[in-house]
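# Understanding the architecture of this molecule
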Amino acid sequence: MASTDPNIIPTQPEIRQLDETAINRIAAGEVVERPASAVKELVENAIDAGATRVSIDLADGGKTLIRVTDDGCGMTPDQLPLALARHATSKIDGSDLLNIHTLGFRGEALPSLGSVGRLTITSRARGAEAASIRVSGGRVDPVKPAALRAGTVVELRDLFFATPARLKFMRTDRAEAQAVTDTVKRLAMAEPSVAFTLRDVSEGGEGRLVFRADAETGDLFDALRDRLGRVMGREFTDNALRIDTMREGLRLYGYAALPTYSRGAAVAQYLFVNGRPVRDKMLTGALRAAYFDFLSRDRHPAAALFIDCDPMLVDVNVHPAKSEVRFRDPGVARGLIVSALRHALAEAGHRASTTVAGATLGAMRLEQTGARIYQMDRPSPAARMASYQAQAPGFAELSGSYSGRMVEPDPGEDARRAEEPAAEIPPESLPLGAARGQVHENYIIAQTADGMVIVDQHAAHERLVYEKLKRQMAENGVAAQALLIPEIVELSNADCARLLDLSDELARLGLTIEPFGGGAVAVRETPAILGPVDAGAMLRDILDELADQGESATLQARIEAILSRVACHGSIRSGRRMRGEEMNALLREMEATPHSGQCNHGRPTYVELKLSDIERLFGRS
């Protein structure tokens, strides 16, 4: 070899004991990656101290100043030096590292921050005098008296000044400030009863208010809903489903958005375990699995989900920044998320996101070029009815050569209504109303009690047929097609064992595999609905998903993709004229079928416009 082997050194290596400052700087590299990490550690300390108000000030994205002020229990003067010692904490006694009830427990944050920046802690406990301590680049100054009413103020200046190489990896001030904002919002979502304020004081003075969330009151779900509305926006809470379920000691609660309120990236997915914000691959995969039948691959669900459980059932001591967790039984946590979300989505029925109507109105609303010249008086209901009756003959002419068609009245309808009980609900009072016409042979116009509904007949019927096919498959099972000559697939011994562990589950989906010696498996049956398949490629796709998420939905997804295509070809086509009773029958079936508010790709099947919104379009508001 031309190059020198880096593992060969001329002298015998000597093992050295690092000094305390080097140890703290190494720990800081694990715990404090950027200003947002420092803010996270300091705010978590404030929450653990019982604070009801937390204020965060930052300058230059947190690079030159981070100040966290809280009204928590504070510290006495004799505790301040101990707070800066490594692995010194008031949150655990060290006897049980699984029974953790606080956000922090390592005792590494403050000494780590003091080793890479200029840290000042001012605190006052109840019944004690206020005191302050300062540490700069690992050098600790003596405790001094200070002026403070209550609580704690932690001020961190010139982050990473003692490790200049780390500064080269910092992003722009704006990017770092955005990361801090995201961190504060995540912590605020987990603590609705705590007030949070975030200010940018880069320009001096009181600074610019970046984020504010007052303490919420009420029961758990009312407070959580209000806090999520403040953080994620009212559109999310207006289109979110309440989740509350329990299984085997794990409680899942929170809010998950309707499929039609999806996002272009996974930026609105927030997961918490025992009040701790986490970014866990297994939990994120469970969230996607719950929605995979309702969203296309380029759309992502929005949700804020909380899992509470006995601390003994989850290990939070698996990552220095405590951003990952490990459940004792991860299958229970994953199954809880998937089943709870699918149940909630099924109960939502035909409901679709209100943002669809908002986007429709936005597209229809003309831009105001000047002051409105006139304001029409709103007519009375009687005047409106007379006007409609006078115009009806003219509208009836549209049924000939034009694209819009009115629903033809049934001659026997009046007689049937006379025979029906008086208590029957009029069609207009039903959620999707009564069909009034069809335009362009593709869109059904229905009238509701307080507005109108526009239905995409092809997309709606496609979803109805798809749900029917899925029910039939669940009841009758997946038909399997036996291979004349079994296909032998060579795999590693480990991959072979993982697949054979899933053989019963795969057999229920029509894929039968058997061991064939060594690392090979024999594929004897494949799902008939898939037709000819490359069994080897399919098995490897299943293995890839197992390695990435711990569970595979590849085979089920392929089967349901075929059902979706069958539903598309078997549904009402665009351009077909429908009779009035057919339109109303479609509307009633949509009301009775889960998930009918969106098509198989997550797009809405109908748009609802309220009468008040329509009147605003015509200047009647």
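The present account deals with the structure reproduced in this document. All of these numbers come straight from a predicted model, not from anything done at the bench.

## With respect to the overall build of the protein
Secondary structure summary: the protein contains 20 helices and 24 strands in total. Classification of the 621 residues of the protein by burial places 45% in the buried group. For the protein, restricting intrachain contacts to residue pairs at least 6 apart in sequence, the fraction spanning at least 24 positions comes to 69%. Counting every atom, the protein has about 32,400 Å² of accessible surface; 52% of that belongs to carbon and sulfur.

## Brief notes about the sheet that holds strand β22 (residues 512-515)
Strand order across the open sheet formed by three strands is β21-β23-β22, with antiparallel pairing between neighbours. Each edge of the open sheet carries a strand with a single partner, namely β21 (480-490) and β22. The sheet shows a mean angle of 20° between the axes of neighbouring strands, taken without regard to direction. Packing against the sheet, helix α15 (residues 493-501) makes contact with β22 and β23 (520-527), and its axis sits at approximately 135° to β22.

## Some points on the packing of helix α2 (residues 35-48) against helix α6 (residues 173-190)
Two elements in contact, α2 and α6, have axes separated by 8 Å at closest approach and are oriented at 25°. When the axes of α2 and α6 are compared, the pair comes out roughly parallel. In the crossing of α2 with α6, the sense of the turn from one axis to the other is right-handed. The segment α2 lies against α6, with P35, A36, V39, K40, V43 and E44 engaging E176, A179, V180, T183, V184 and L187. Of the residues in the contact of α2 with α6, the class split is eight nonpolar, one polar and three charged.

## A look at the environment of G575
Structurally, G575 can be placed in the loop between α18 (554-570) and α19 (580-592). We classify G575 as partly exposed; its relative accessible area is 49%. It is 9.7 Å that separates the C-alpha atoms of G575 and Q457, two residues lying 118 residues apart in sequence.

## Notes on the pattern of salt bridges
By the definition in use, this model includes 26 salt bridges. One salt bridge in this structure joins E581 and R579, with 2.9 Å as the shortest N-O distance. For E608, the salt bridge goes to K610, with nearest N and O atoms at 3.1 Å. Residue classification places E608 among the partly exposed positions, given a relative accessible area of 25%. Overlapping salt bridges, with partners in common, bring together D57, R67, E155 and R157 in one network.

## Some remarks on unusual backbone geometry
Positioned with a positive phi, D158 is a non-glycine residue whose angle comes to about 50°. Take D158: its relative accessible area is 29%, and that puts it in the partly exposed class. Look at E441: it is not a glycine, yet its phi comes out positive at around 50°. By the secondary structure assignment, E441 is in the loop between β18 (434-439) and β19 (443-448).

## Concerning the pairing of β19
Successive side chains on a regular strand alternate, one facing one side of the sheet and the next facing the other. By the alternation rule, side chains of β19 split into I444, A446 and T448, which are all buried, and Y443, I445 and Q447, of which none is buried. In this sheet, β19 lies alongside β18 in antiparallel orientation, the contact comprising five bridges. Its bridge partner being in β19, A434 is matched across the sheet by Q447. Here β18 hands over to β19 after three residues, with H440 in that stretch at a positive phi of 55°.

## Focus: the nonpolar core
Grouped together as the largest cluster of nonpolar side chains are 62 residues, with contacts concentrated most on V43, V54, L119, I121, F196, M232 and F236. Ranked by residue count, the leading element in this core is α6, at eight residues. Among the nonpolar cores identified, the runner-up in size contains 37 residues, and M282, L295, A303 and L345 belong to it.

## As for the packing of helix α9 (residues 281-291) against helix α10 (residues 330-347)
Where α9 contacts α10, the two axes come as close as 9 Å, and the packing angle between them is 30°. What the angle tells us is that α9 and α10 run roughly parallel. For the element pair α9 and α10, the recorded crossing hand is right-handed. On the side of α9, the interface is formed by M282, L283, G285, A286, L287, A289, A290 and Y291, while α10 contributes P330, A333, R334, I337, V338, L341, R342 and L345. Here the residues of the contact of α9 with α10 are counted per class, giving 13 nonpolar, one polar and two charged.

## What to know about the sheet that holds strand β10 (residues 240-247)
With respect to topology, five strands assemble into an open sheet ordered β10-β11-β14-β12-β13, the strand pairing being mixed. Of all the strands in the sheet, just β10 and β13 (276-278) have a single pairing partner and so form its edges. The mean angle between the axes of side-by-side strands here comes to 20°, regardless of whether they run parallel or antiparallel. As judged from the eight bridges shared by β10 and strand β11 (residues 250-257), these two strands associate in the antiparallel manner. Bridging across to β11, R247 finds its partner in L250. Against the sheet, α6 makes contact with β12 (269-273), β13 and β14 (303-308), and its axis sits at roughly 55° relative to β12, the strand it touches most. With respect to the sheet, helix α7 (residues 220-232) is in contact with β10, β11, β12 and β14, its orientation differing from that of β11 by roughly 45°.

## A word on the pairing of β14
Buried residues dominate β14, accounting for five of its six residues. Of the strand pairs in this sheet, β11 and β14 are connected by six bridges, and their pairing is antiparallel. For A256, the partnering residue across the bridge sits in β14 and is A303. The pairing of β12 with β14 spans five bridges and is parallel.

## Description of the side chain of T605
Along the chain, T605 falls in the loop between α19 and β24 (606-610). Accessibility expressed as a relative area gives 1% for T605, which makes it buried. At a separation of 2.6 Å, a polar atom in the side chain of T605 contacts the main-chain carbonyl oxygen of S596. Filtering out sequence-adjacent residues up to four positions away, T605 remains in contact with I454, V455, D456, A459, A460, M590, S596, G597, Q598 and C599.

## Some details on the packing of aromatic side chains
For the coordinates displayed, the defined rule picks out five aromatic pairs. A ring pair is formed by F221 and Y253, whose centres lie 6.2 Å apart and whose planes are at 75°; its orientation type is edge-to-face. Taken as a pair, F221 in helix α7 and Y253 in strand β11 lie far apart in primary sequence, 32 residues in all. With 4.5 Å between their ring centres and 10° between their planes, F272 and F306 make a pair best called stacked. A residue pair is termed long-range when its members are at least 10 positions apart, and F272 in strand β12 and F306 in strand β14 qualify at 34 residues. In terms of burial, F272 and F306 fall into one category: buried.

Rules and cut-offs
- Residues numbered from 1 in each chain as written.
- Predicted model: local features only at pLDDT ≥ 70, side-chain atom pairs only at ≥ 80, totals over all residues.
- Heavy atoms only, no water.
- Helix = DSSP H or I, 4+ residues; strand = E, 2+ residues; numbered from the N terminus.
- Buried < 20%, exposed > 50% of the residue type's maximum accessible area, 1.4 Å probe, protein only.
- Contact = heavy atoms within 4.5 Å.
- Areas by Shrake-Rupley, 256 points an atom, 1.4 Å probe, with all protein chains shown as cover.
- Pairing = 2+ DSSP bridges.
- Axes fitted to C-alpha atoms, helices over the stretch in contact; angles between N-to-C directions.
- Parallel < 35°, antiparallel > 145°, perpendicular 65-115°, else oblique.
- Left-handed = near helix turned anticlockwise from the far one by under 90°.
- Nonpolar A, V, L, I, M, F, W, Y, C, P; charged D, E, K, R; others polar.
- Salt bridge = Lys/Arg side-chain N within 4 Å of Asp/Glu carboxyl O.
- Core = buried A, V, L, I, M, F, W, Y, C linked by side-chain atoms within 4.5 Å.
- Polar contact = N/O pair within 3.5 Å; in protein donor to acceptor, adjacent residues only side chain to side chain.
- Phe/Tyr/Trp six-rings, centres within 6.5 Å; stacked < 30°, edge-to-face > 60°.

In short, the description is geometric, and any link to function would need to be established separately.
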